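# Secondary and tertiary structure notes
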Amino acid sequence: MSSRKKLIAGNWKMNKTSADAVALVQEIVAEVGRVTETEIVVCPPFTALECVGKKLEGSTVKLGAQNMHPEASGAYTGEISAGMLRSIFATHVILGHSERRTYFHETDQFINQKVLVALKNQLKPILCVGETLAERESGSTLKVVQTQVEACLEGVSKELATSVVIAYEPVWAIGTGKVATTAQAQEVHAFIRSLLIKLFGDAVAQKIRILYGGSMKPANAPELLAQKDIDGGLIGGAALETRSFVDLVNAAVAAG
Ligand code: 13P
């Protein structure tokens with residue numbers, strides 16, 4: 001049992017039309033829309049944010065975006081601001097996902113700007129960090145994660161730090177079916193906790209949720225969620241089906 005409330009977030013990535021998204025969220029709300037023991041966030045693509053948000057009204061499930069731009073407005077074709085997300089009642093935003101880092105060349109410095117702007121706008125960042133397979137095999141996992149955590153959280157105050165959620169997503173485990181062992185995951189989570197203690201002090205660090213992401217499924221979730229520093233999951237593939245997502249929520253509730 002941890003003092004931190006577990007969090008299960010679904011990252012729908014570039015999946016679901018608005019109609020499909022509404023159908024999925026209605027089923028999710030029907031099954032777990034009153035759960036309070038675990039925090040639940042769904043992160044549909046931009047086109048479905050508003051209609052999914054409407055279906056979440058009156059439920060405990062929260063709305064998250066998958067990305068945002070740090071500027072408030074202006075000539076940034078294809079981008080979305082924190083204010084726009086707030087205006088449709090999003091509460092969370094995934095930042096620095098490895099797919100954004102890899103395919104869209106996002107740097108730690110750029111992600112850091114977004115984290116600061118999200119917090120200023122009362123959006124909770126779900127900050128993603130994690131090593132590639134080559135980095136793990138060369139023994140630099142902890143160094144890579146340290147650089148990402150420290151650079152992306154630069155300038156975050158102690159007061160706002162408790163609103164940050166970290167997601168440890170080993171890149172080699174994303175969408176591959178290769179899940180990190182519980183020992184591998186817990187080692188990195190404990191290391192991230194130690195970094196947070198250095199940055200913000202023990203009391204604040206103990207309140208920050210650290211999620212695991214990478215091929216998390218109902219079958220492997222109970223063992224992962226039982227680890228001391230694993231406070232939930234950021235779920236890709238298994239968040240696209242009602243049954244598996246609901247089972248993951250139930251696993252988090254059971255893990256306490
Ligand atoms: P999968 O659960 O599909 O491996 O994706 C994890 C992820 O990238 C969540 O952000």
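Residues numbered from 1 in each chain as written. Predicted model: local features only at pLDDT ≥ 70, side-chain atom pairs only at ≥ 80, totals over all residues. Heavy atoms only, no water.

## Things to note about helix α12 (residues 242–255)
- The terminal C-alpha atoms of α12, which comprises 14 residues, lie 20 Å apart, in line with the 20 Å expected from a rise of 1.5 Å per residue.
- If you check which residues of α12 are buried, you get Thr242, Ser244, Phe245, Val246, Leu248, Val249, Ala251 and Ala252.
- Where α12 is buried, its residues contact β1 (7–11), α1 (18–32), β2 (39–43), α11 (221–225) and β8 (232–235).
- One or two residues past the end of α12 sits Gly256, with phi positive at roughly 75°. (Helix = DSSP H or I, 4+ residues; strand = E, 2+ residues; numbered from the N terminus. Expected span 1.5 Å × (residues − 1). Buried < 20%, exposed > 50% of the residue type's maximum accessible area, 1.4 Å probe, protein only. Contact = heavy atoms within 4.5 Å.)

## A short note on the pattern of salt bridges
- This structure, assessed with the given rule, holds 14 salt bridges.
- A salt bridge links Glu31 to Arg243; its shortest N-O distance comes to 3.2 Å. A residue pair is termed long-range when its members are at least 10 positions apart, and Glu31 in helix α1 and Arg243 in helix α12 qualify at 212 residues.
- What makes Glu31 partly exposed here is its relative accessible area of 42%.
- Ionic pairing is found between Glu39 and Arg209, a salt bridge with its closest N-O pair at 2.8 Å. Highlighted residues: Glu39 in strand β2 and Arg209 in strand β7 (residues 209–212), separated in sequence by 170 residues. We note that Glu39, like Arg209, is buried.
- Through salt bridges with shared partners, a single network forms among Arg4, Arg193, Lys228, Asp229 and Asp231. (Salt bridge = Lys/Arg side-chain N within 4 Å of Asp/Glu carboxyl O.)

## Focus on the environment of Val42
- Relative to the assigned elements, Val42 resides in strand β2.
- C-alpha separation for the pair Val42 and His92, spaced 50 residues apart in sequence, amounts to 9.1 Å.
- Non-local contacts of Val42, meaning those with residues more than four positions away in its chain, are made with Gly10, Trp12, Val25, Ile28, Val52, Leu56, Val61, Lys62, Leu63, Gly64 and Phe245.

## Describing the environment of Pro125
- Considering the arrangement of structural elements, one finds Pro125 in strand β5 (residues 124–129).
- For Pro125, a relative accessible area of 0% corresponds to the buried category.
- Through-space distance from the C-alpha of Pro125 to that of Gly213 is 15 Å; in sequence the pair is 88 residues apart.
- Aside from chain neighbours lying at most four places away, what touches Pro125 is Val93, Leu95, Val115, Ala118, Leu119, Ser163, Val164 and Val165.

## Examining the nonpolar core
- Formed by 70 residues in total, the largest nonpolar core has its most connected members in Trp12, Leu153, Ile166 and Ile192.
- The dominant element in this core, judged by the number of residues it contributes, is helix α9 (residues 182–200), at seven residues.
- In contact with Leu153, other than residues within four places in its own chain, are Asn112, Val115, Leu127, Val164, Ile166, Leu196, Leu199 and Phe200. (Core = buried A, V, L, I, M, F, W, Y, C linked by side-chain atoms within 4.5 Å.)

## Looking at unusual backbone geometry
- Its identity is not glycine, yet Gln122 carries a phi of approximately 60°, on the positive side.
- The phi dihedral of Ser215 is positive, around 55°, even though this residue is not glycine.
- Examined against the element boundaries, Ser215 turns out to sit in the loop between β7 and α11.
- Since its relative accessible area comes to 11%, Ser215 is described here as buried.

## Points about the packing of α1 against α12
- Contact geometry of α1 with α12 gives a least axis separation of 10 Å together with a crossing angle of 35°. Crossing geometry of α1 relative to α12 is assigned as right-handed. Facing Leu24, Glu27, Ile28, Glu31 and Val32 of α1, the residues of α12 in contact are Thr242, Arg243, Phe245, Val246, Val249 and Asn250.
- By residue class, the composition of the contact of α1 with α12 is six nonpolar, two polar and three charged. (Axes fitted to C-alpha atoms, helices over the stretch in contact; angles between N-to-C directions. Left-handed = near helix turned anticlockwise from the far one by under 90°. Nonpolar A, V, L, I, M, F, W, Y, C, P; charged D, E, K, R; others polar.)

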